[in-house]
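The chain contents come next:
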Amino acid sequence: MIDIIDGALFQRMVIHASASINAQKQAINELNVFPVPDGDTGTNMSLTIGTAAAEAKKKPVRAIGQAASINASALLRGARGNSGVILSLLFRGISKALKEQETADGAILAAALGEGVSAAYKAVMKPAEGTILTVSRLAAVRAAEAAQENNSVEAVLEAAIAQGQVALADTVNQNPVLKKAGVVDAGGKGFLIILQGMLDELRGVAAPEAADERLPVKESADFAALSDEDITFTFDTVFIVRKTGSKSIEPFRAYLNSIGDSLVIGEDDEAFKVHVHTDIPGAALSEAQKYGTLELAKIENMRTQAEELAAGKKAQSTDDLEQIEAELEAQEEGEDWKVAAPEKKFGVVAVCAGEGMASVFRDLGVDGIISGGQTMNPSTEDILRQIGRTPAEVVFVLPNNKNIIMAAEQCVGFVPDKQVVVIPTRTVPQGIAAMLVLDPEGETEANAAAMDEARKNVRTSEITYAARDSDFDGFEIREGDYMALADGQLFGTDQAIGALLERLAQADSQQQAEFINIFYGEDVTEEQANEALSIFRGQCPDAEITLLAGGQPVYYYMISAE
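Everything numeric in this text was worked out from a predicted model, so none of it was measured.

S.K.: Lay out helix α9 (residues 186-202) with the relevant residues and their values.
M.R.: Think of an α-helix as turning once every 3.6 residues; residues three or four places apart then point the same way. Helix length check: α9, at 17 residues, gives a terminal C-alpha distance of 25 Å against a target of 24 Å (1.5 Å per residue), a fit within 8%. α9 sits mainly inside the fold: 14 of its 17 residues count as buried. For α9, the N-terminal capping position is held by Asp185, with its side-chain oxygen 3.2 Å away from the main-chain nitrogen of Gly187. Gly204, located one to two residues past α9, shows a positive phi value of around 80°.

Structure, rendered in structure tokens:
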């Protein structure tokens, strides 16, 4: 049994935990009871701890205090979604407790788990029972008891996980939504998978292969066997795309076959991975984004590699990129993190998806746009970088999505010489309303209050599709059905989008509105959008209605009413 761990072992435990949750992220995603396509819990937690695992591989250390500090910093920068932020807070507290420690025994680790829980609870304004907070708290309490019985890291982790499993099973009874759906809390399950991965590393259990690595793709060519004459196309191109819809990728397969050869595509329900030889890799990547969000790409020039191998040299590949990146960082000393000098009092950073939405925000004076929203929650680091680039003394942040607010809030007080104010906008229309009342000559507090009030006065309706079958709040939902949401709550479902638009137009929020804006998404034609406009004009004759091309993914329509 492992009684004491040092920094090197702690880092290996984090790397193992990252692999564990990555392998099970889709199972965690499936626990999300609301079937709308979302930046799901499993994906967000996996991406968050994946940042820490990558940092651990680059910066091995011996002292556990230093390892925990590196881990917490990486988690903060990589935190995505509410679940990712809470996970980063748990490890931030752990880091605080392990500060200055060379090693940790069971008692020290148990105290660190307790400190992590305290940090997470302090950061959440309204902690709810039946969540990751409950699971982590009860696991930490048991860890402290176990440390008194057996001062061993392995024994403490084992006891914490066992109690955590009991707490997780009870979340279905603590949360009415979970009880109705008959599932446990996704964030709590993700946290226990991470702890189990850390315990498995102590016990010598092999880490699972990454989910994406199971796709049957030949990732690199055998350059030693190639001559220049054998190479028809120049670039060996591999990339992964996270799906954002149910669109068939067969047209994309045909397109790739038309611009290259050696094509292999591995596909599952969540993503697809492509290997192709082509002369125009940029075109392949651009076309891929019509089917989802590009997550990873690797492009290697086979001709130059073959030439270097023929000359007896080591062929440069993307495996050398980490060293190159480190050299560039050393030369530029973190260019991305340089803070722009203030040129004005107020600046604004907004999160949105779709070029039409971005154009609206730019027209309103937003300084920085962060691409993100449903299915692609930006990390805290993404938001921090854009804040740093904004040449203003005070930077207002508009998250425009309920699952991005916590990540944005982690930026407060983090950027030197800039005051960061997060306006908790939950939708893009709320963000637009907030921008409309910003007074460049006003005071910070007055502007923040006015922007917050403006976003509260906006009612937002959205139409998307059901990502899976579900029986939710009295609605029997089938995968592929159109779903209407009203201020984040399920409004109705139908197999005909026109019927849903009619019902939304008849709802009180639209009937009482003076102004209605209809933003149509990337999968809606102009003709279809005009049909939606006609429906609303017929049902809401007293409102001033504007139709705009938002270009947003996932949502066919976003409708604001004021």
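S.K.: Please set out the pattern of salt bridges residue by residue, giving values where relevant.
M.R.: Inspection of the entire model under this criterion finds 24 salt bridges. A salt bridge links Lys58 to Glu55, with the shortest nitrogen-to-oxygen separation between them at 3.8 Å. Residue Lys58 and its partner Glu55 are located together in helix α2 (residues 41-58), separated by 3 residues, close to a single helical turn.

S.K.: Tell me about the side chain of Asp185, residues and numbers included.
M.R.: Looking at the element boundaries, Asp185 is found in the loop between α8 (176-181) and α9. This buried residue, Asp185, is left without a salt bridge; Lys189 holds the nearest opposite charge, at 11 Å. Within the local environment of Asp185, its side chain forms a polar contact with the backbone nitrogen of Gly187, the two atoms lying 3.2 Å apart. Among residues more than four places away in sequence, those in contact with Asp185 are Leu31, Gly130, Thr131, Ile132, Leu168, Thr171 and Leu178.

S.K.: How would you explain unusual backbone geometry if you had to name every residue and give the values?
M.R.: Unlike most non-glycine residues, Asp487 shows phi in positive territory, near 50°. For Asp487, the position within the fold is in the loop between β14 (482-486) and β15 (489-494). Residues other than glycine seldom take positive phi values, yet Val554 does so here, at roughly 70°. Using a relative accessible area of 6% as the deciding quantity, one classes Val554 as buried.

S.K.: Give a description of the confidence of the model for the protein chain that names residues and reports values.
M.R.: For the protein chain, mean pLDDT is 85; residues scoring 70 or higher make up 86% of the total. Within the model, pLDDT remains below 50 along residues 322-335, and this stretch shows 5 contacts once partners closer than five positions in the same chain are excluded.

S.K.: Provide a residue-level description of the sheet that holds strand β11 (residues 459-465), including the pertinent values.
M.R.: Ordered in space as β15-β14-β11-β18-β16-β17, the 6 strands form an open sheet in which the pairing is mixed. At either margin of the open sheet sits one strand with a lone partner, and together these are β15 and β17 (544-549). Recorded for the sheet is a direction-independent mean angle of 15° between the axes of neighbouring strands. Pairing between β11 and strand β18 (residues 557-561): 5 bridges, direction antiparallel. The partner of Ser461 across the bridge, within β18, is Ile559. The strands touched by helix α17 (residues 428-436) are β11, β16 (515-520) and β18; relative to β18, the strand with the most contacts, the crossing angle is about 45°.

S.K.: For the sheet that holds strand β7 (residues 344-352), give the residues involved together with the corresponding values.
M.R.: Two pairing modes exist for strands in a sheet, parallel and antiparallel, and in both the strands are linked by backbone hydrogen bonds. Taking strand neighbours across the sheet as the criterion, the 4 strands line up as β8-β7-β9-β10 in an open arrangement whose pairing is parallel. At either end of the open sheet lies a strand with only one pairing partner, and these are β8 (368-371) and β10 (419-422). The sheet shows a mean angle of 20° between the axes of neighbouring strands, taken without regard to direction. Sheet topology places β7 next to β8; 4 bridges connect them, and they run parallel. For Val349, the partnering residue across the bridge sits in β8 and is Gly368.

S.K.: Explain the nonpolar core to me, and be specific about the residues and the numbers.
M.R.: Among the nonpolar cores identified, the biggest contains 76 residues, and Ile5, Phe10, Leu157, Ile194, Met198, Ile383 and Ile387 are the most heavily contacted of them. The leading source of residues in this core is α9, at 9 residues. With 30 residues, the next largest nonpolar core counts Ala434, Leu438, Ala466 and Leu485 among its residues.

Criteria and cut-off values
- Residues numbered from 1 in each chain as written.
- Predicted model: local features only at pLDDT ≥ 70, side-chain atom pairs only at ≥ 80, totals over all residues.
- Heavy atoms only, no water.
- Helix = DSSP H or I, 4+ residues; strand = E, 2+ residues; numbered from the N terminus.
- Expected span 1.5 Å × (residues − 1).
- Buried < 20%, exposed > 50% of the residue type's maximum accessible area, 1.4 Å probe, protein only.
- Polar contact = N/O pair within 3.5 Å; in protein donor to acceptor, adjacent residues only side chain to side chain.
- Salt bridge = Lys/Arg side-chain N within 4 Å of Asp/Glu carboxyl O.
- Lys, Arg positive; Asp, Glu negative; His and termini not counted.
- Contact = heavy atoms within 4.5 Å.
- pLDDT = per-residue confidence, 0-100.
- Pairing = 2+ DSSP bridges.
- Axes fitted to C-alpha atoms, helices over the stretch in contact; angles between N-to-C directions.
- Core = buried A, V, L, I, M, F, W, Y, C linked by side-chain atoms within 4.5 Å.

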